[in-house]
Amino acid sequence: MYRFSNMFMIFLMVSYLNNVNSVGGPKIRLKNLVHLPRGDFLCEVLEYLDEKVTLDVKFKIQEFWASEEYLFHTDEQMLLVAKYCPEIRKALFMYSQECCADLTILTNFKFLKDLDLWGGRFYGDGISDFLRTNGHQLEALSLVHVEEINKRAIALITATCTNLKKLDLTNCEFIENMEAEADGPFRDADRILGLENDREVNYLLKPMLDLHTIKIVSFCSADHVAFLLSLCINVKHIHIGMNTDISDQVWVKVLENNSLVKLETLSIQKCGTDMTMRGIELLLLHFDNLKSLKDLRYIEGVSESELRILELRVCEDNLDLVLGEENEIVRDPFSEEMARNMPQQGSIFEAFSQLWTSNWLPETRDTSKSSLDELMAGGSNESTRVVLQDIP
């Protein structure tokens, strides 16, 4: 590695790094190293440098990957990464309260644009505080197994992450707005708090104009799905997971606030009977730029025959729309039984053989020139032999 001072990308496996001492020295000479895919050993190398090397080294590395061995990193490790790799732009970080005080530790990364965050509570562990400080930097945000997601959290994301292009909410805990069940003054107090919360949400709420991709794969109510999609004005790609309450009514509600005129691909991984062909027709009617509609086979409210009729319609009308995978074969749903009963197609040699050896005339089309008895008898009258000829 001494000779590769201009190297900007390197792939290293963990098995080669059992002896950190043998790697620490050469790393100092890779000052132009930018990409370190799956470099989950980075913290170990930086700890060695901080302990053994006195030089003021700054690397250009732009990617941080959580350790695949112990997963969670401490505050001290993240401070070292911020010290030696200040240009980190993409990070996969897994949070644990036992290792890290809270997620405001990520505020030290001033160039962070793509964050894949696993774990933590949106309010209790400082995600909201981090977004208030650094949210404007982010272009891609993925929250996985994050708790305390409600409308206020979504509104805060829209208010702070003004340059966001991709949003992924996977296996997150969505908190529903519960109706007050108490009586008397307690019920009135809960109602007042609810109104104040709604006012704050409306104040924070901003349309996500730059967002082109959204992924929702969490246990999520229809209200939250409609709320989220209504904010994605220019979205091009929507992926809905199997645990959402997506339905026809959700699309009706979304279209009341957002026409989704730029939507190109829509994937609905799985949903119940509340999503029907009526909802699919609604999508086709309003989304003129829709080019791909995936996973329709997993919608319980759409029957197999309805799906096949839709496939035929797309094919016959020559619509610029892909249903499912591009290599799927579209067949007429009403002709499958007939196709099963048809004899298998022979070779071209068998076809020619039939032309020359057949005693009767299956190609005869002008029935006025021959009777059925004559045809079955294999007559050779020239007036009855009308073979391979199109007769109007």
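Now for a quick tour of the structure.

Reading guide: rules and limits
- Residues numbered from 1 in each chain as written.
- Predicted model: local features only at pLDDT ≥ 70, side-chain atom pairs only at ≥ 80, totals over all residues.
- Heavy atoms only, no water.
- Helix = DSSP H or I, 4+ residues; strand = E, 2+ residues; numbered from the N terminus.
- Buried < 20%, exposed > 50% of the residue type's maximum accessible area, 1.4 Å probe, protein only.
- Contact = heavy atoms within 4.5 Å.
- Areas by Shrake-Rupley, 256 points an atom, 1.4 Å probe, with all protein chains shown as cover.
- Pairing = 2+ DSSP bridges.
- Right-handed = clockwise from strand over helix to strand, strands pointing away.
- Polar contact = N/O pair within 3.5 Å; in protein donor to acceptor, adjacent residues only side chain to side chain.
- Axes fitted to C-alpha atoms, helices over the stretch in contact; angles between N-to-C directions.
- Parallel < 35°, antiparallel > 145°, perpendicular 65-115°, else oblique.
- Left-handed = near helix turned anticlockwise from the far one by under 90°.
- Nonpolar A, V, L, I, M, F, W, Y, C, P; charged D, E, K, R; others polar.
- Core = buried A, V, L, I, M, F, W, Y, C linked by side-chain atoms within 4.5 Å.

**Description of the overall build of the protein**
Helix and strand counts for the protein come out as 13 helices and 12 strands. Counting across all 392 residues of the protein, residues that qualify as buried make up 41%. Long-range contacts, defined here as pairs at least 24 residues apart, represent 74% of the contacts in the protein between residues at least 6 apart. When the accessible surface of the protein is totalled, it reaches about 22800 Å², and 52% of it is carbon and sulfur.

**Digging into the sheet that holds strand 3 (residues 114-118)**
Sheet strands associate in pairs through backbone hydrogen bonding, adopting either a parallel or an antiparallel arrangement. Across the sheet, 10 strands lie side by side as 1-2-3-4-5-6-7-8-10-12; this open sheet has parallel pairing. Each edge of the open sheet is held by one strand with a lone partner, namely strand 1 (63-65) and strand 12 (322-323). Looking at chain direction, strand 3 and strand 4 (residues 140-144) are connected through five bridges and run parallel. If you follow L117 over to strand 4, its bridge partner there is L143.

**A closer look at the pairing of strand 7 (residues 237-240)**
Every regular strand shows the same layout, with side chains that alternate between the two sheet faces. Side-chain alternation along strand 7 places I238 and I240 on a buried face and H237 and H239 on a face that remains uncovered. For strand 6 (residues 213-217) and strand 7, the ladder comprises four bridges, and the chain directions are parallel. Looking at strand 7, one finds that I216 is bridged to I240. Considered for its hand, the β-α-β crossover made up of strand 6, helix 7 (residues 222-231) and strand 7 is right-handed. Bridge count between strand 7 and strand 8 (residues 265-268): four bridges; the pairing is parallel. Bridging from a neighbouring strand, H237 pairs with T265 of strand 8. Each parallel crossover has a hand, and for strand 7 linked through helix 8 (residues 248-257) to strand 8 it is right-handed.

**Some thoughts on the environment of T170**
Following the sequence through the fold, T170 ends up in strand 5 (residues 166-170). On the basis of relative accessible area, T170 is assigned to the buried category, the value being 14%. Here the alpha-carbon distance between T170 and F219, two residues 49 residues apart in the chain, equals 9.0 Å. Leaving out residues up to four positions away in the same chain, T170 has contacts with L143, V144, H145, K215, V217 and S218. Looking at T170, its side chain comes within polar contact range of the side chain of D168, at 2.6 Å.

**Description of the side chain of T160**
Note on placement: T160 falls in helix 5 (residues 151-160). On the basis of relative accessible area, T160 is assigned to the buried category, the value being 13%. Those residues within four positions of T160 in sequence are excluded, and the remaining contacts are L131, R132, G135 and H136.

**Structural notes on the packing of helix 8 against helix 9 (residues 277-286)**
Packing of helix 8 against helix 9 leaves a shortest axis separation of 8 Å and a crossing angle of 30°. One element, helix 8, and the other, helix 9, form an angle in the roughly parallel class. Crossing hand, helix 8 versus helix 9: left-handed. Contact residues: D248, W251, V252 and L255 in helix 8; R278, G279, L282, L283 and H286 in helix 9. Grouping the amino acids of the contact of helix 8 with helix 9 by side-chain chemistry returns five nonpolar, two polar and two charged.

**What about the nonpolar core?**
One finds L141, I214, W251 and I280 to be the most contacted residues of the largest nonpolar core, which totals 94 residues. Filtering out sequence-adjacent residues up to four positions away, I280 remains in contact with M275, L293, L296, I299, V302 and L310.

**Considerations on helix 7**
Where burial is concerned, most of helix 7 is hidden: eight out of the 10 residues are buried. By the burial criterion, the buried members of helix 7 are H224, V225, A226, F227, L228, L229, S230 and L231.

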